[in-house]
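Remarks on the overall topology
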Amino acid sequence: MNVDFGFSFDVVTNTNDSGQGSLRQFVINSNALSNTSLDQRPFNNNGTATGTDFPAGQETSIFMISDGTARPGLRAGLPNQLTNASNAAATSGNRRALITLTASLDAITDAGTALDGTTQTTLLDSNTGSLGSSGTVGTTNITFRTFSAPEVEVSVPNTNGASGITSSANNIILRGIAVHGGGANFGDATIEATAGTSLLIEGCGIGISAFSLAAPANPTAGVGVYLQNPSGTVRNSIVAECGRSCINYSAGFNVTGSGYTITQNELLQGGRVTAGGDNITVGRADGAPGAAGPVTITENLIRDANSSGIQLEIGSISNNTISNNTITGNGKGGAPTRLEGSGIHYLLRRDPTNNPILSTNSDRITLNVISNNQSSAVVINYGQRNVRVTRNSIYGNGDGTTGGEGLIAVDYTPATYYAGGNPAYGQGDGVTPNDGTTSSEKPNFGMNYPIITKKNVTINGATTTLHVEGFVGRTAGQTAFANTEIEFYRGDNSTDTNQNGEIFAGDGQNFPHGEPRTYLGNTLTGSTGSFSADIVIPSNSISPALLTTDPINALAYKADMGTSEAGINLIPNTIPAGACQ
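Note that residues are indexed from 1 along each chain, following the sequence as it is written. With pLDDT at 70 or above as the cut-off, local features in this predicted model cover only qualifying residues; side-chain atom pairs require 80 or more to be listed or tallied, and sums for whole chains, interfaces and linings still use all residues. Side-chain measures here rest on the full set of heavy atoms in the structure, leaving out hydrogens and waters.

So, the overall build of the protein chain
Along its length, the protein chain carries 2 helices and 44 strands. For the protein chain, whose C-alpha radius of gyration is 27 Å, the value lies close to the compact-globule estimate of 25 Å for 581 residues. Within the span of the protein chain, comprising 581 residues, buried residues form 59% of the whole. Here a residue-residue contact requires only that any non-hydrogen atoms of the pair lie within 4.5 Å. Of the contacts made within the protein chain by residues no fewer than 6 positions apart, 75% connect residues no fewer than 24 positions apart. Note on areas: Shrake-Rupley, 1.4 Å probe, and residue coverage restricted to the protein chains presented here. Here the protein chain has roughly 20,800 Å² of accessible surface; of this, 49% comes from carbon and sulfur atoms. Counted as positive: Lys and Arg. Counted as negative: Asp and Glu, with His and the chain ends omitted from the count. Where a charge sits is defined by one atom per residue type, namely NZ (Lys), CZ (Arg), CG (Asp) or CD (Glu). Side chains of the protein chain give 28 positive and 44 negative charges; the mean places of these two sets differ by 3 Å. Comment: elements are numbered from the N terminus, with helices defined as DSSP H or I runs of at least four residues and strands as E runs of at least two. The quantity called the radius of gyration is restricted to C-alpha atoms. Its globule counterpart is 2.2 Å times the number of residues to the power 0.38. Residue burial is assigned from relative accessible area. The probe radius is 1.4 Å, only protein chains are included, and a residue is buried under 20% of its type maximum, exposed over 50%, and partly exposed in between.

Right under this line is the structure:
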């Protein structure tokens, strides 16, 4: 009898480390076979050709790991390979296919390969529910989705000098798996992209098991996701409990089409065992110029890192947008020792000749909630320029800092604050008082903050009017600050004396500089750097109602310079006599 058997190179049927039907064999087969003319048919868990189609030219893993019962394509009586959180075989309750590798997975080198654990979910949704936080992020209250608990978990060995899963080709997809492990050396990672464009990581749990956000028995010892390729997207995933940073991107500078989008992820506990671990690090850690392409970081929950929520290496980055994230609790998680602790940190390093590395990029930080971080909300070290900080809600930062440093919203630091220099380089140094001058090497050119000299609040039914007067600089009448945009906020932490400082350099005062929590409106200075404006606000848009006794502070922004530190927190209607002397 002549029988023709069909054979698939893409089916994963067991949890073995290697051999036919293993995940490793799928990667070996995919690397060896061209995807030209490949067009896998769609399928669903009824065994019919309906459901999500696979794009032509893409080779997708088809997980069909048995739970011992009859499933489409699987007969009853096969060994049950699904295990519970105790790693015991289970036929009920939440369970997953745990693939424990004894060596790093073979590098994925064939373009258009998709390692897709959701095909196991299609076969059998054995791990129901979700992981992570839900709610909203950013000042516009973007809905933040939880992460669907995966049916496939991959544990890679903690071999120093090696990453767990490596990709080096275009259009690679990693989807719907939990994966943890990898070496602890600098550059080791759970997932590493060494080359190729348009990598997509989505719906993955990186650094965690399929059941929990806690560090698993075989944790991620190094970086969670190490991106050394020019471009891609990381979305709808959890990256957590990483020994070093959760995500590190350090390639793509001046490469056409380069850049990464990091969106709708929960990132937490970067630096679990290593001081200096951030949730997101952009740029080369050695400060090498021109490393990273542009990054868009949007709609993420970025919390509880050992060091900074987001760290950007001055001189090693392109133009970036950080918008509509919630960045909270950073500098309070991970290892018991820490180097930094801000929400967002522009990190200064020195070159081999001991000169500060200066920036060439322009960034926009907008619509984020930046709260309750250990030190200042945004620390901008010497040498970084053209950072616009606009319409964020900033409050409660600095509560974990020792020594009374780093307790304000936007914090400029001097040239001595660099990695290897002043140990508070990532904490900030508090208020940098107005000196009436600017410099191309100071943070944001040393942009001076607004001085509100007079305010008044009038409520007339549906509208609330805030009248404000003042100037930018050391004295009124400085034309260098003409046509500067002033943003007004209801301030926060007005009674926290750790935010106090001079108004003008050398004046010896101890005046409160609050954090800009609730955006109210904006105006422009005139030709002499002064302003007098009525900010009209719908009364129903601000709660509780704005009162004359509320603290009001402001940020100043000038194109090609950047945003200032937050100005003084004016609580009475008129600045006290002598304050502006």
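Things to note about the pattern of salt bridges
Throughout this description, the term salt bridge denotes a Lys or Arg side-chain nitrogen within 4 Å of a carboxyl oxygen of Asp or Glu. For the coordinates displayed, the defined rule picks out 16 salt bridges. A salt bridge links arginine 349 to glutamate 313; its shortest N-O distance comes to 2.7 Å. With a gap of 36 residues between them, arginine 349 in the loop between strand E29 (344-347) and strand E30 (363-366) and glutamate 313 in strand E26 (residues 310-313) connect regions that are remote in the sequence. One exposure class covers both arginine 349 and glutamate 313, and it is buried. One salt bridge connects aspartate 550 with arginine 490, and the closest N-O pair in it is separated by 2.8 Å. Placement of the pair is aspartate 550 in the loop between strand E42 (530-538) and strand E43 (552-558) and arginine 490 in strand E38 (residues 485-492), with a sequence separation of 60 residues. Each member of the pair, aspartate 550 as well as arginine 490, carries the same accessibility label: buried. Through salt bridges with shared partners, one network takes in Asp116, Arg175, Glu202 and Arg235.

Quick look at unusual backbone geometry
With an omega of -5 degrees, the peptide bond running from serine 543 to proline 544 counts as cis. The backbone phi angle of asparagine 324 is positive, close to 55 degrees, even though this residue is not glycine. Tracing the backbone through its elements, the reader meets asparagine 324 in the loop between strand E27 (321-323) and strand E28 (326-328). You will see that aspartate 560, though not glycine, has its phi angle at about 70 degrees, which is positive.

Re the state of the cysteines
Two cysteine sulfurs form a disulfide in these notes if their separation is within 2.5 Å. Applying the stated criterion across every chain yields a total of 0 disulfides. Cysteine 242 takes part in no disulfide bond, and the closest cysteine sulfur, belonging to cysteine 246, lies 3.9 Å away. Accessibility expressed as a relative area gives 0% for cysteine 242, which makes it buried. On the basis of relative accessibility, which here comes to 0%, the residue cysteine 246 falls in the buried class.

Re the sheet that holds E30
Pairing is parallel across the open sheet formed by 10 strands, whose spatial order is E2-E5-E12-E15-E18-E21-E24-E27-E30-E33. For this open sheet the edge positions go to strand E2 (59-60) and strand E33 (387-390), each flanked by a neighbour on one side alone. Pairing between strand E18 (residues 231-235) and strand E21 (residues 259-263): 5 bridges, direction parallel. Residue pairing for E21: valine 234 is matched across the bridge by isoleucine 262. Running at roughly 170 degrees to strand E5 (residues 113-116), helix H1 (residues 23-32) makes contact with E2 and E5 of the sheet. What makes two strands pair is DSSP finding at least two bridges between them. Working convention: axes come from line fits to C-alpha atoms, limited for helices to the stretch in contact. Angles between N-to-C directions cover 0 to 180 degrees.

Quick notes on the packing of aromatic side chains
A pair of Phe, Tyr and Trp rings is counted when the ring centres sit within 6.5 Å of each other, with Trp represented by its six-membered ring. The angle between the planes then sorts it: under 30 degrees is stacked, over 60 is edge-to-face, the rest tilted. Applying the stated criterion across every chain, the model contains 4 aromatic pairs. Measuring from centroid to centroid gives 6.5 Å for phenylalanine 471 and phenylalanine 504, while their planes differ by 10 degrees, and the two rings are stacked. Highlighted residues: phenylalanine 471 in strand E37 (residues 463-472) and phenylalanine 504 in the loop between strand E39 (500-501) and strand E40 (511-512), separated in sequence by 33 residues. Summarising the burial analysis for this pair, phenylalanine 471 and phenylalanine 504 share the class buried. Taken together, a centroid distance of 5.6 Å and an interplanar angle of 65 degrees make the contact between phenylalanine 488 and phenylalanine 531 edge-to-face. Separated by 43 residues along the polypeptide, phenylalanine 488 in strand E38 and phenylalanine 531 in strand E42 bring together distant segments of the chain. With respect to class, phenylalanine 488 is no different from phenylalanine 531; both count as buried. A ring has a charge above it when a Lys NZ or an Arg CZ is no more than 6 Å from the ring centre and no more than 35 degrees off the ring normal. Taking the ring centre of tyrosine 418 as reference, the NZ or CZ of arginine 350 above it sits at 4.3 Å.

Quick look at the pairing of strand E13 (residues 178-181)
Of the two faces of E13, the one carrying Ala178 and His180 and the one carrying Val179 and Gly181 are both buried. Here strand E10 (residues 152-156) runs beside E13; their pairing, made up of 4 bridges, is parallel. Considered in E13, the bridge of serine 155 is made with histidine 180. Pairing analysis gives 2 bridges linking E13 to strand E16 (residues 205-206), with the strands arranged parallel. The partner of valine 179 across the bridge, within E16, is isoleucine 206.

Remarks on the sheet that holds strand E34 (residues 393-395)
In space, the 10 strands of this open sheet follow the order E4-E10-E13-E16-E19-E22-E25-E28-E31-E34, with parallel pairing throughout. A single partner strand is all that each edge strand has here, and the edge strands are strand E4 (97-100) and E34.

Section: the confidence of the model for the protein chain
Should the pLDDT be low somewhere, the predicted coordinates at that spot are not to be read in detail. On a scale of 0 to 100, pLDDT captures the predictor's confidence in every residue. With 94% of its residues at a pLDDT of 70 or more, the protein chain shows a mean pLDDT of 91. Long-range and interchain partners of residues 1-6, a stretch whose pLDDT sits below 50, account for 0 contacts in this model, where long-range means more than four residues apart.

A closer look at H1
Of all 10 residues making up H1, 7 are buried, and the element is well covered by its neighbours. Within H1 the residues assigned to the buried category are Leu23, Arg24, Gln25, Phe26, Val27, Asn29 and Ser30. Where H1 is buried, its residues touch strand E1 (11-12), E2, strand E3 (62-63), E4, E5 and E10.

A closer look at the side chain of threonine 119
Mapped onto the elements, threonine 119 comes out in helix H2 (residues 118-123). Under the rule applied, a polar contact is a pair of N or O atoms within 3.5 Å (in protein, one hydrogen donor and one hydrogen acceptor; residues adjacent in sequence only if both atoms are side-chain atoms). For threonine 119, the side chain forms a polar contact with the main-chain oxygen of aspartate 116, separated by 2.9 Å.

Here's the deal with the environment of threonine 353
Topologically, threonine 353 is positioned in the loop between E29 and E30. A polar atom in the side chain of threonine 353 sits 2.7 Å from the side chain of aspartate 351. A polar contact is formed between the side chain of threonine 353 and the side chain of asparagine 355, at a distance of 3.0 Å.

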